[in-house]
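A structural walkthrough
Below are the chains, spelled out letter by letter.
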Amino acid sequence: MLLDKKRGDQLFSAILILPTLLVTTIFILVPVIDSVIKSFLEFKVRNIISGKPGEWNNFENYIRLFNGGKLLPAIVTTLTFVVGVVLIQFILGMTLALILNSNVKCARFIRSIMMMPWVVPTIISALIWMWIFQPQYGLLKYIVGVLTGGAVSDFAILNDPGTALVGVAIAALWKQIPLTTLLLLSGLQNVPDDMLEAATIDGASRTKKFFAIVIPYMKSVISIVVSMAIIENFKQFPLIWTMTGGGPNESTTTLAILSYREAFVSNNLGSGAAVTTIWMLLMIVVIFLYNKIFPKEDMS
């Protein structure tokens, strides 16, 4: 009787998980495997039109990418963007979470307003920030002109190779910080009050309590939040493509932009798949190293 019940529970569990497995296999695993296979083939748009399969090209896609001088700069730009945005996103998100967790007035209203950037579609966010950074009539140019008394008149962030990536990063932070703050705030609210009160009685400073109690209790939440931020910024495409198109002078060309250009601008799907494969492997390595250096701990 117990054996039949156990088998029935296992069958019911399998039925419940089957749709998820099918969706994951069809829409994630199969496309990934297909992309990796195509990265080793001479596969262009004409192959799709004619229905001819691609031909094995002896790693030519990868060799051409490395010798072409575009791949390594794209990798550096991607890592710079990801590390910079994720680090600032965590610091600002944690700061806002601590403020909202300190019984500040109108905290609920602030949380509601704060989530608006996250709700706005990425393309709309890009257009908003393009207007703010617009070199002729943008809001930022006007503010800088007022603050400097008109001394600074040339302030084109997105048109300067040295600052374009910073402009895109600001737009990314504006959109992503609200969710990070909300998730960290939920973690803060699970830190035991009695531990904090005991530390206060013992004379511990706020800094000491933060690093000795709050951070250890939030390690699991922090690990998940940062991992999500890394993945989100690795696959960031619409924001960068809309704001800069990878320019000026390739200064904002990440692996996502390079993959799109190779596949749909140069019409070389095999080369685009090769960039995507390198991009995916690099993201996996970064996530693996992060989880190795900062393992999740659950103190509950």
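Structural data are supplied above this passage.
To keep things clear, this report deals only with the structure shown in the data block. Here the structure is a predicted model, which is why all the values come from computation and not from measurement.

Here the focus is the overall build of the protein. The number of helices and strands found in the protein is 15 helices and two strands. Taking 300 residues into account, the globule formula puts the C-alpha radius of gyration at 19 Å, and the protein, at 24 Å, lies well above it. Its C-alpha atoms give the protein principal-axis dimensions of about 85 × 75 × 30 Å. By residue count, 37% of the 300 residues in the protein fall in the buried class. A separation of at least 24 residues holds for 68% of the contacts in the protein among residues at least 6 apart in sequence. Of the accessible surface of the protein, which amounts to about 18000 Å², a share of 69% is contributed by carbon and sulfur atoms. Each charge sign in the protein was given a centre, from 22 positive and 17 negative side chains, and these centres are 3 Å apart.

This next bit is on the pattern of salt bridges. Pairs can form between side chains of opposite charge once their charged atoms are near each other. What the rule picks out here adds up to five salt bridges. For the salt bridge of Lys38 with Asp34, the shortest nitrogen-to-oxygen distance reads 2.8 Å. With Lys38 and Asp34 both in helix α1 (residues 2-38) and four residues apart, the pair spans about one turn of that helix. Its salt-bridge partner being Glu250, residue Arg261 comes within 2.5 Å of it at the nearest N-O pair. Placement of Arg261 in helix α14 (residues 255-265) and of Glu250 in the loop between α13 (238-243) and α14 is noted, with a sequence separation of eleven residues between them.

Between helix α7 (residues 122-133) and helix α8 (residues 139-147), the least distance of the axes is 4 Å, while the angle of their chain directions is 30°. Seen from α7, the contacting residues are Trp131, Ile132 and Phe133; seen from α8, they are Leu139, Leu140 and Lys141. Grouping the amino acids of the contact of α7 with α8 by side-chain chemistry returns five nonpolar, no polar and one charged.

This brings us to the nonpolar core. Among the nonpolar cores identified, the biggest contains 39 residues, and Met218, Ile222, Ile230 and Leu255 are the most heavily contacted of them. Elements that contribute at least two residues to this core include exactly α3 (60-67), α4 (71-100), α5 (107-114), α9 (164-188), α11 (206-217), α12 (219-234), α14 and α15 (269-293). Setting aside residues no more than four positions away along its own chain, Ile230 makes contact with Val82, Val86, Val286, Ile287 and Tyr290. Counting residues in hydrophobic clusters, the runner-up holds 19 residues, among them Trp129, Ile132, Phe133 and Leu239.

Glancing now at α12. Relative to the 22 Å expected for 16 residues at 1.5 Å per residue, α12 spans 22 Å between its end C-alpha atoms, a close match to the ideal helical length. Listing the buried residues of α12 in full gives Ile222, Ser223, Val225, Val226, Ser227, Ala229, Ile230, Asn233 and Phe234. Buried residues in α12 make contact with α4, α9, α11 and α15.

Looking now at the packing of α14 against α15. Where α14 meets α15, the closest approach of the two axes is 6 Å, and the angle between their N-to-C directions is 160°. If you check the angle between α14 and α15, you find them roughly antiparallel. The element α14 and its partner α15 pack so that their crossing is left-handed. Counted together, Leu255, Ala256, Leu258, Ser259, Glu262, Ala263 and Phe264 of α14 and Leu269, Ser271, Gly272, Val275, Thr276, Trp279 and Leu282 of α15 form the full contact between these two elements. Per-class residue counts for the contact of α14 with α15 are nine nonpolar, four polar and one charged.

The rules behind each value
Residues numbered from 1 in each chain as written. Predicted model: local features only at pLDDT ≥ 70, side-chain atom pairs only at ≥ 80, totals over all residues. Heavy atoms only, no water. Helix = DSSP H or I, 4+ residues; strand = E, 2+ residues; numbered from the N terminus. Rg over C-alpha atoms; globule rule 2.2 N^0.38 Å. Buried < 20%, exposed > 50% of the residue type's maximum accessible area, 1.4 Å probe, protein only. Contact = heavy atoms within 4.5 Å. Areas by Shrake-Rupley, 256 points an atom, 1.4 Å probe, with all protein chains shown as cover. Lys, Arg positive; Asp, Glu negative; His and termini not counted. Charge placed at Lys NZ, Arg CZ, Asp CG, Glu CD. Salt bridge = Lys/Arg side-chain N within 4 Å of Asp/Glu carboxyl O. Axes fitted to C-alpha atoms, helices over the stretch in contact; angles between N-to-C directions. Nonpolar A, V, L, I, M, F, W, Y, C, P; charged D, E, K, R; others polar. Core = buried A, V, L, I, M, F, W, Y, C linked by side-chain atoms within 4.5 Å. Expected span 1.5 Å × (residues − 1). Parallel < 35°, antiparallel > 145°, perpendicular 65-115°, else oblique. Left-handed = near helix turned anticlockwise from the far one by under 90°.

Remember that the coordinates give geometry; whether it matters functionally is a separate question.
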